[in-house]
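Residues per chain are reported as follows:
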Amino acid sequence: KKVIRRVMDVTKVPVGAKLGIFHNPVDMIAKGWKKEGLSFISGHNALPATGIFIDVQAEEVFGTPGQTCFIAGPTMVPLSLSRLAEVLKAVEDTPVIGVGGVYKASDVIQYLLLGCTAVQVCSGIYFKGHRIFKELLEGLEDWMKRHGYTRIDQFRGKLFEDASCVKGDWEEKYGYKLEPSERGMLLPDQN
């Protein structure tokens with residue numbers, strides 16, 4: 001919070017922060033950042049891992065053995081979506097950018113259906129090159145046509161209530177109830 005406050009004091013440009021997997025509880029972190037004046041939030045950084053990725057098509061290695069490698073894979077999407085549902089609920093009027101594991105159009109669509117303002121692609125570029133942008137755009141356009149959408153704002157956030165478990169009929173709809181997530185230990189300056 002101190003860093004955000006100091007940056008906001010010396011600039012007029014929009015300032016955002018990127019959530020990491022270890023920012024917990026994620027909704028309280030997002031609220032604190034918003035309180036300091038943050039313009040947008042993006043999430044998530046890739047999981048830090050000791051290891052390497054091998055691209056079998058190009059026969060190339062990404063990362064150095066034994067060192068940290070920050071390339072998110074497709075398994076990052078469900079984790080990021082789940083945490084961003086909490087963030088979107090906590091900071092309703094703050095733009096949230098979906099990040100993490102975007103390799104195909106369905107990944108982009110999931111972030112948009114959740115309610116993200118935009119979607120960021122990074123590690124997908126390492127593996128697919130710049131052609132990924134054309135694939136994502138064409139896949140998104142095809143999906144929109146098949147579902148009768150002409151604009152993203154027609155479906156952005158459509159599944160937010162289900163994903164964030166804010167619907168009153170959730171238990172009836174799915175047959176069981178989820179308990180609230182663990183809040184974690186609060187630091188003295190959090191309330």
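Criteria and cut-off values
The residue numbers shown here count from 1 along each chain, following its written sequence. Given that this is a predicted model, residues contribute local features only at a pLDDT of at least 70 and side-chain atom pairs are listed and counted only at 80 or more, while totals for whole chains, interfaces and linings are drawn from all residues. Hydrogens and waters are ignored; side-chain quantities use all the structure's heavy atoms. Think of it this way: any DSSP run of H or I at least four residues long counts as a helix, any run of E at least two long counts as a strand, and we number them from the N terminus. Helices are assigned an expected span. That span is 1.5 Å times one less than the residue count. Think of it in three bands: with a 1.4 Å probe and only protein chains considered, a residue is buried below 20% of the maximum accessible area for its type, exposed above 50%, and partly exposed in between. Here, two residues are considered to be in contact whenever any of their heavy atoms come within 4.5 Å of each other. Any pair of N or O atoms that falls within 3.5 Å is considered a polar contact. Within protein, one atom must be able to donate a hydrogen and the other to accept it, and sequence-neighbouring residues count only if both atoms are side-chain atoms. In this analysis, strands are considered paired if DSSP registers two or more bridges between them. Helix axes are fitted only over the stretch in contact, all axes being lines through C-alpha atoms; the angle between N-to-C directions runs from 0 to 180 degrees.

A. Expanded view of helix 3 (residues 76–90). Here helix 3 contains 15 residues, and its C-alpha end-to-end distance of 21 Å stays within 8% of the 21 Å for a straight helix at 1.5 Å per residue. All of the buried residues in helix 3 are M76, V77, S80, L81, R83, L84, A85, V87, L88 and A90. Those residues of helix 3 hidden inside the fold are in contact with strand 1 (16–19), helix 2 (26–35), strand 2 (40–43), strand 5 (96–99), helix 4 (105–114) and helix 7 (160–163).

B. Expanded view of the environment of T11. Position of T11 relative to the elements: it lies in the loop between helix 1 (2–10) and strand 1. Accessibility expressed as a relative area gives 22% for T11, which makes it partly exposed. In this structure the side chain of T11 is engaged in a polar contact, spanning 3.2 Å, whose partner is the backbone nitrogen of V13.

C. Representation of the sheet that holds strand 1 within the structure. With respect to topology, four strands assemble into an open sheet ordered 1-2-5-6, the strand pairing being parallel. The open sheet has two free edges, formed respectively by strand 1 and strand 6 (118–120), since each of these has just one partner strand. The sheet shows a mean angle of 25 degrees between the axes of neighbouring strands, taken without regard to direction. In the sheet, strand 1 pairs with strand 2 via four bridges, with the strands oriented parallel.

Scope: geometric values only; no functional claims are made or implied.
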